[in-house]
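# Structural overview for review
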Amino acid sequence: MISARFKSLLLLAGLSLLASCESGGSASDSTDNGFNQVLASEIAEIKASLIVTQPELDWLTCEISDSLECATLMVPVDYAEPEGEVIEIALARIRQLDTTNTRRTLVINPGGPGGSGIGYLAGLSSQGQMSESLRAAYDFVSFDPRGVGDSTVVNCDLTALFQQDVYATTREEIELNVSLASSFADTCFQTHGSYLQQLGSHNVVQDLNEIRKAFGLPQLDFLGFSYGSRLAGLYMQRYPDTTGRFVLDASVSPDSGVSTLIQGGLTPAQANIDSLVDACLGFPIVCNPDAFEIALQQRVDELGAQPASAESSLLFAILQIAANQPGFEQLLIGSLSSYIESRDVSDLEFLDRILGISESAEDNGPVNNTANIAALCADDASRPTVDSLVALGQDFNAASNLLAEAYLRPASNCAGWIEALNPLPTIATNQAPASLVIGGPTDAQTPLVFAEQMAEAVGGHFLRSEHQGHTTVFTGKNACTNRVVETFLLSGQLPSFSVCVAGGAPTSTDWHDDFMQASW
């Protein structure tokens, strides 16, 4: 069963539619630490450069999983005031039974923004998707970014956002969404104050560098999924000298604009909907694709013009599966075509039972929605208005008549948000070592063109991975891509080619897609 996190998905429709503690270091004269011989004195010097003076990391068994060890790192709230208030960053590593060999350390961010790295690492550990070679060579580490999970967290009342019109077709409905987004922002800042402005990617990247120091690493090896690729690009731009082997999977655009991210996903999302429509021809009771598409658009328009209902929520959630998780067309098309013809809601309820939509609706999912919006609005200087959203809606409709109005809702989320203190420039650097930047052709959350743009922006090696949906590393979706990533992490060697065709027997990745599908 797909246990999809649809409460988060519906809230962020367009965005969804968007070892040892020193990595083998010891008190001996020197240690490999995954690099050329690194003196213990150098490791100690790196650790001593932490901005916040604190004891060595104290690793204890994590509450979330016995296979993980957890520790806490203290960092400044505001790096412009390094001696000011501090917050906690929760760290986790996969427990290593054999601590006799030195290893490199791979730090992982699962995306979001607002995704819990500790939760992701627990899933990765239990599923055992890493090869024995990687397990032997690497300690796997992740963290809950500021505002998330076991780090100093933010949680605001989301009621106003859940009252937004999920399919705004008129100016009045857009005005309502802007008003509700502004109400959410006002209430949220009353709860958490200026800390919300400190959740942007600039600060998270500096947190990453503090994590590097805490492990005594001369260089950082990093795997960033989706939004995590933004952190990777920024780190390479800010800290090229300490950049190690960086893998950017399902990369975002170098441009941090929220509207850019949302609009970019519309074209591949519509292509995935087109695949659903085409599945009519392969269904045992054949339906007419052209007629089905027209009737589907008509029904979506009708429900969008009505007050929200259980029927509209189910239909929109099912369409989001089709847009974001290609490969389920044959599962969906029969009941959907029956529903479109008869308007019998029991057809949607049948898919609901199979997909677990309502079952998971009470679960907020793996992404902290408050931290998600706070990070996006901290990175993007623009604040949407009714007029700008009306104009944006026209651009969206040019890409997809069916999905445009659903994608317009999250584009309003920064309305009323306090100004960004340190918005991001477009990422661009030619100083860092070459990285591996991966994209997939059916990814509607971070479309393939974003990976191409990011690879060019950071001087990385672009790899087109023929797999379905969002991320691919550690999922078993493409055996070629797995080999490329493993070779790069183990040896630093990049491939001589830029396309990994589909091949090999994919393994079950439901847990991974379930975690990632509320992220971008």
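Now for a quick tour of the structure. (Residues numbered from 1 in each chain as written. Predicted model: local features only at pLDDT ≥ 70, side-chain atom pairs only at ≥ 80, totals over all residues. Heavy atoms only, no water.)

Attention now goes to the side chain of His467. Mapping His467 onto the fold places it in the loop between strand S11 (461-465) and helix H20 (479-491). Owing to a relative accessible area of 5%, His467 belongs among the buried residues under this scheme. Within polar-contact distance, the side chain of His467 engages the side chain of Ser465 at 2.8 Å. Leaving out residues up to four positions away in the same chain, His467 has contacts with Gly439, Gly440, Pro441, Thr442, Thr472 and Lys477. (Helix = DSSP H or I, 4+ residues; strand = E, 2+ residues; numbered from the N terminus. Buried < 20%, exposed > 50% of the residue type's maximum accessible area, 1.4 Å probe, protein only. Polar contact = N/O pair within 3.5 Å; in protein donor to acceptor, adjacent residues only side chain to side chain. Contact = heavy atoms within 4.5 Å.)

This next bit is on the packing of aromatic side chains. Applying the stated criterion across every chain yields a total of ten aromatic pairs. Between Tyr167 and Phe316, the aromatic rings sit 5.4 Å apart at their centres with planes inclined by 15 degrees, giving stacked as the arrangement. Taken together, the positions of Tyr167 in the loop between helix H6 (159-162) and helix H7 (171-192) and Phe316 in helix H12 (residues 310-324) put the pair 149 residues apart, joining distant regions of the chain. Since its relative accessible area comes to 1%, Tyr167 is described here as buried. Residue classification places Phe316 among the buried residues on the basis of a relative accessible area of 8%. Ring geometry for Phe184 against Trp417: centres 6.0 Å apart, planes inclined by 25 degrees, an arrangement best described as stacked. Of the two residues, Phe184 is situated in helix H7 and Trp417 in the loop between helix H18 (404-408) and strand S10 (436-439); the sequence distance between them amounts to 233 residues. Accessibility classification places Phe184 together with Trp417 in one group, the buried group. Within the aromatic cluster, the residues linked to one another by ring pairs are Phe222, Tyr235, Tyr239 and Phe246. (Phe/Tyr/Trp six-rings, centres within 6.5 Å; stacked < 30°, edge-to-face > 60°.)

Before going further, it helps to spend a moment on the pairing of strand S8 (residues 220-225). Within S8, six of the six residues are buried, which leaves it mostly tucked inside the rest of the structure. Side chains Leu220, Phe222 and Gly224 project from S8 onto one buried face, and the interleaved Asp221, Leu223 and Phe225 project onto a second face that is buried too. Two strands pair when backbone bridges link them, and strand S6 (residues 104-109) and S8 are joined in this way by four bridges, in the parallel orientation. Pairing of Leu106 across the sheet is with Asp221, part of S8. Relative to strand S9 (residues 243-249), S8 runs parallel, the two being bridged by five bridges. Across the sheet, residue Phe222 finds its bridge partner in S9, namely Phe246. Read as a crossover between parallel neighbours, the route from S8 over helix H9 (residues 228-238) to S9 is right-handed. (Pairing = 2+ DSSP bridges. Right-handed = clockwise from strand over helix to strand, strands pointing away.)

What follows covers unusual backbone geometry. For residues other than glycine, phi is negative in most cases, and the peptide bonds are mostly trans. The omega angle of the peptide bond from Gly112 to Pro113 is -10 degrees, so this bond is cis rather than trans. Looking at where Pro113 falls in the secondary structure, it is placed in the loop between S6 and helix H4 (117-127). With a phi close to 60 degrees, Ala250 is a non-glycine residue in the positive phi region. Mapped onto the secondary structure, Ala250 falls in the loop between S9 and helix H10 (258-278). The phi dihedral of Arg343 falls on the positive side, at around 60 degrees, and the residue is not glycine. Mapped onto the elements of the fold, Arg343 is located in the loop between helix H13 (329-342) and helix H14 (345-355).

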